[in-house]
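# Structural overview for review
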Amino acid sequence: MKHQETLTAYVASFVDELTACGVQDVVISPGSRSTPVAYCMAEHEGMNVHLNIDERSAAFFALGMAKEKRSPVAILCTSGTAAANYYPAIVEAHYARVPLIVLTADRPHELREIGAPQAIDQLHLYGQHVKWFVEMSLPDSALSMLHYARTIAARAAATAVLEPAGPVHINIPLREPLIPNLADMKRWVKASGQRHANMEIKQGKMSLADDQFADCLELIKQAERGLIICGPMDQPGFDQAVGRLSERTGFPILADPLSQLRSSSYCKEGVIEGYDTFLKDATLCDRLKPDLIIRFGAMPVSKPLLLFIKGMERVNHLVIDGGLGWREPTGMGTHMLYCDEAVFCEGLSTELSHEPDREWPDLWKGIDRIAKQQLRSIHDETGLQEGKLFAKLESLLPNQANLVVGNSMPIRNVDTFFHDSSKEIRIFANRGANGIDGTISTALGIAAASDLPTVLTLGDLSFFHDMNGLLAAKMHRLQLLIIIINNDGGGIFSYLPQAQEERHFEDLFGTPHGLSFEHTAALYGASYVHPATWAEVDMAIGSWSENPDFRIVEISTDRKYDVETYRELVKSVSREIRAVHYVE
């Protein structure tokens, strides 16, 4: 075959197999070396192409799509530093267990390490942050090599979703000329009636051996004061399984907002939401000490909960992980159980038949009720305060919505104030590496992949870090409500020990920037609202819920006022709980 025919056969076979394996979306950043792959993807009727000019934004955009879809999304870029710009999102995907297929075009071997342009060392570029790396062979039209190209695609798609899910990296060296023959592409694409994978790869659900399960069951039967702790989880059906386990055991569920349990109808009776506030009281923690902890998912956001767990010496602590990881930062785990989380809960619930003692769960529920009642007093604040925003947000969002939350203070405010949701609201945040970069792009990826209204809440510094990402909303006409809490700097540091040393604090940590984002909204074609009162906040968010568009609502708050208000609330929660429960 001639070079163009060989190039077309090889690349088209690879792309066709990706689609046969269920990879339906690719986010492409333009570049020359990736031309043949980009052309073949755009030509394939089974592939949805999303253009995102900035590679850093593109990778986070794909991350958001993959999170929402719970399936792999591909990203494609040219060679050189374009590939390096993918790195932050790949790190996040690795730690958050999000399936991405990273495709980087590369110079052929003879152009490496000789000073050729856009030629960097792309081999194992992402280190241990990808599950699998392969450099493909140069295009070859032999039947065995076309089978090889399809096998690489199938293996990539399967590996990305095999537990624990995560990113895979395929480096694709290509020689010029780079233009495929699109008219000839159909020869290498399976007909619609033959849309099955060349290599089908399956993974079952992990379960414990009978004797291992019996040991766990015995530990749980012996426990009188057990706790179920659920961190970030996104497994369909888990809410029903863990809700049933809570009913059978009487163990309360401490549910992180990213566990998706707080709005689940299956867990309403057992879920505790206000623990981040009342576990700040060390004396109260002593009274609430369990004799067993069962933990699912990544570590919850709450630092008071982390410290509470760290104080549990000589307490059986079961960590259940269907992804074969080691998500145990407390150092207090006693059992690491590699088992599908829902399977584990269902198996226990089937074997447990006794009526649980209600005194223990009632204690937790009573304290939780008081804490949330006191926290609701934040509604009395007349000034714009960020905690109040999150306390009001649930009532302002439409039923069935995506809520994307920035790191630092926004996710902590959701943990503290976003309670008692009767709406089907799926909450997202980039808690794999807990960074503030790429938040806008992640939210736009979620919006692009979902039919539900999507709302993003984030701080001013997080917004500043990813303003490039706004272009995707304009290009693809995406509907997204962005709520910026602008406290002119890094608000979270005002809650940390650094704030006690005032010398240099504002320059090094407060980092005031003096920016308003009205002109940013105009640049990217977003409508803009800067409310000055709570009535205007309600109007801005409520009108968007009725008629979604691309809108930025910038709420200006005062860092000092936010901190003082929050600390007084925490004190009032502690006082009220102590008064009711006679805690000395």
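This text gives an overview of the structure that appears in the document. (Residues numbered from 1 in each chain as written. Predicted model: local features only at pLDDT ≥ 70, side-chain atom pairs only at ≥ 80, totals over all residues. Heavy atoms only, no water.)

### Let's talk about the overall build of the protein chain
Scanning the protein chain from N- to C-terminus turns up 22 helices and 18 strands. Taking 2.2 N^0.38 as the reference for a compact globule, 584 residues should give roughly 25 Å; the C-alpha atoms of the protein chain span a radius of gyration of 26 Å, in line with that estimate. Looking at the protein chain as a whole, 58% of its 584 residues are labelled buried. Here the contacts in the protein chain between residues at least 6 apart in sequence split such that 78% fall between residues at least 24 apart. Per element, the accessible surface of the protein chain, about 24,400 Å² overall, is 50% carbon and sulfur. For the protein chain, the separation between the mean place of its 54 positive charges and that of its 75 negative charges on side chains is 1 Å. (Helix = DSSP H or I, 4+ residues; strand = E, 2+ residues; numbered from the N terminus. Rg over C-alpha atoms; globule rule 2.2 N^0.38 Å. Buried < 20%, exposed > 50% of the residue type's maximum accessible area, 1.4 Å probe, protein only. Contact = heavy atoms within 4.5 Å. Areas by Shrake-Rupley, 256 points an atom, 1.4 Å probe, with all protein chains shown as cover. Lys, Arg positive; Asp, Glu negative; His and termini not counted. Charge placed at Lys NZ, Arg CZ, Asp CG, Glu CD.)

### A closer look at a nonpolar patch on the surface
The grouping of Leu-51, Ile-53 and Met-475 at the surface amounts to a nonpolar patch, some 230 Å² of accessible area in total. Position of Leu-51 relative to the elements: it lies in strand β2 (residues 48–51). Assessed through its relative accessible area of 34%, Leu-51 is described here as partly exposed. (Patch = residues over 30% accessible without salt bridge, like charges linked within 9 Å, V, L, I, M, F, W, Y side chains within 5 Å. Salt bridge = Lys/Arg side-chain N within 4 Å of Asp/Glu carboxyl O.)

### Description of the sheet that holds strand β12 (residues 335–337)
Remark on secondary structure: sheet strands pair via backbone hydrogen bonds, oriented parallel or antiparallel. Within the open sheet, the 6 strands sit side by side as β9-β8-β7-β10-β11-β12. Their pairing is parallel. The open sheet terminates on both sides in strands that have one partner only, identified here as β9 (271–272) and β12. Running over the sheet, helix α12 (residues 341–351) touches β10 (292–296), β11 (316–320) and β12 and is turned about 140° from β10. (Pairing = 2+ DSSP bridges. Axes fitted to C-alpha atoms, helices over the stretch in contact; angles between N-to-C directions.)

### Overview of the pattern of salt bridges
Per the counting criterion, the structure on display carries 26 salt bridges. A salt bridge links Asp-234 to Arg-70, with the shortest nitrogen-to-oxygen separation between them at 2.9 Å. Taken as a pair, Asp-234 in the loop between β7 (226–230) and α8 (238–249) and Arg-70 in the loop between α3 (55–69) and β3 (73–77) lie far apart in primary sequence, 164 residues in all. Ionic pairing is found between Arg-578 and Asp-281, a salt bridge with its closest N-O pair at 2.8 Å. With Arg-578 in helix α22 (residues 559–581) and Asp-281 in the loop between α9 (275–278) and α10 (282–287), this pair connects stretches of sequence that are 297 residues apart. Since its relative accessible area comes to 26%, Arg-578 is described here as partly exposed. When its relative accessible area of 10% is taken as the criterion, Asp-281 is described as buried. One connected set of salt bridges, linked through shared partners, spans Glu-273, Asp-368, Lys-372, Arg-376 and Asp-420.

### Thoughts on the packing of aromatic side chains
Counted according to the given criterion, the structure contains 7 aromatic pairs. On the basis of an interplanar angle of 65° and a centroid distance of 6.2 Å, the ring pair of Phe-296 and Phe-344 is categorised as edge-to-face. On the criterion of sequence distance, the pair formed by Phe-296 in strand β10 and Phe-344 in helix α12 is long-range, its members being 48 residues apart. Taken together, the aromatic side chains of Phe-278, Phe-308, Trp-360 and Trp-364 make up a single cluster linked through ring pairs. (Phe/Tyr/Trp six-rings, centres within 6.5 Å; stacked < 30°, edge-to-face > 60°.)

### Notes on α8
An α-helical segment advances 3.6 residues per turn. Residues three or four places apart therefore align on the same side. For α8, which comprises 12 residues, the first-to-last C-alpha distance of 16 Å matches the rise-based estimate of 16 Å (1.5 Å per residue) to within 8%. Among the residues of α8, Phe-238, Asp-239, Ala-241, Val-242, Gly-243, Leu-245, Ser-246 and Thr-249 are the ones counted as buried. One or two steps after α8, the chain reaches Gly-250, where phi turns positive at roughly 80°. (Expected span 1.5 Å × (residues − 1).)

### A look at helix α13 (residues 359–375)
If you check α13, its first and last C-alpha atoms are 24 Å apart, about what 17 residues at 1.5 Å a residue would give, namely 24 Å. Burial runs high along α13: 13 of the 17 residues are buried.

### Focus on the pairing of β3
Within β3, 5 of the 5 residues are buried, which leaves the element mostly enclosed by the surrounding structure. Taking every second residue as pointing to the same face, both faces of β3 are buried, with Val-73, Ile-75 and Cys-77 on one and Ala-74 and Leu-76 on the other.

### Looking at the side chain of Gln-260
Here Gln-260 is to be found in the loop between β8 (253–255) and β9. There is a polar contact of 3.4 Å between the side chain of Gln-260 and the backbone oxygen of Leu-258. Within the structure, Gln-260 has its side chain in polar contact with the backbone oxygen of Ile-427 (distance 2.7 Å). When neighbours within four sequence positions are excluded, Gln-260 is seen to be in contact with Met-233, Asp-234, Ile-425, Arg-426 and Ile-427. (Polar contact = N/O pair within 3.5 Å; in protein donor to acceptor, adjacent residues only side chain to side chain.)

### Remarks on the sheet that holds β2
Strand order in the open sheet made by the 6 strands is β2-β1-β3-β4-β6-β5, with parallel pairing throughout. Looking at strand neighbours, the two that pair on one side only are β2 and β5 (133–135), the edges of this open sheet. On average, each strand axis in the sheet is tilted by 20° relative to the strand beside it, whichever way the strands run. Where β5 lies against strand β6 (residues 167–173), 3 bridges are found, and the strand directions are parallel. Bridge pairing in β6 places Glu-135 opposite Asn-171. Sheet contacts for helix α6 (residues 143–161): β4 (100–106), β5 and β6; angle to β6, the most-contacted strand, approximately 160°.

### Looking at unusual backbone geometry
The omega torsion of the bond from Glu-163 to Pro-164 falls at -10°, within 30 degrees of zero and hence cis. Tracing the backbone through its elements, the reader meets Pro-164 in the loop between α6 and β6. The omega angle of the peptide bond from Glu-176 to Pro-177 is 0°, so this bond is cis rather than trans. Relative to the elements of secondary structure, Pro-177 occurs in the loop between β6 and α7 (210–222). Even without being glycine, Gln-400 reaches a positive phi, approximately 65°. Mapped onto the secondary structure, Gln-400 falls in the loop between α14 (386–396) and β13 (401–405).

### Quick look at the state of the cysteines
Working definition of a disulfide: a covalent bond connecting the sulfur atoms of two cysteines. Taken as a whole and judged by the stated rule, the model has 0 disulfides. Free cysteine Cys-21: the closest other cysteine sulfur is in Cys-40, separated by 17 Å. Among the residues examined, Cys-21 registers a relative accessible area of 26% and is labelled partly exposed. In this structure Cys-77 is a free cysteine whose sulfur lies 17 Å from that of Cys-40, the closest cysteine sulfur available. (Disulfide = S-S within 2.5 Å.)

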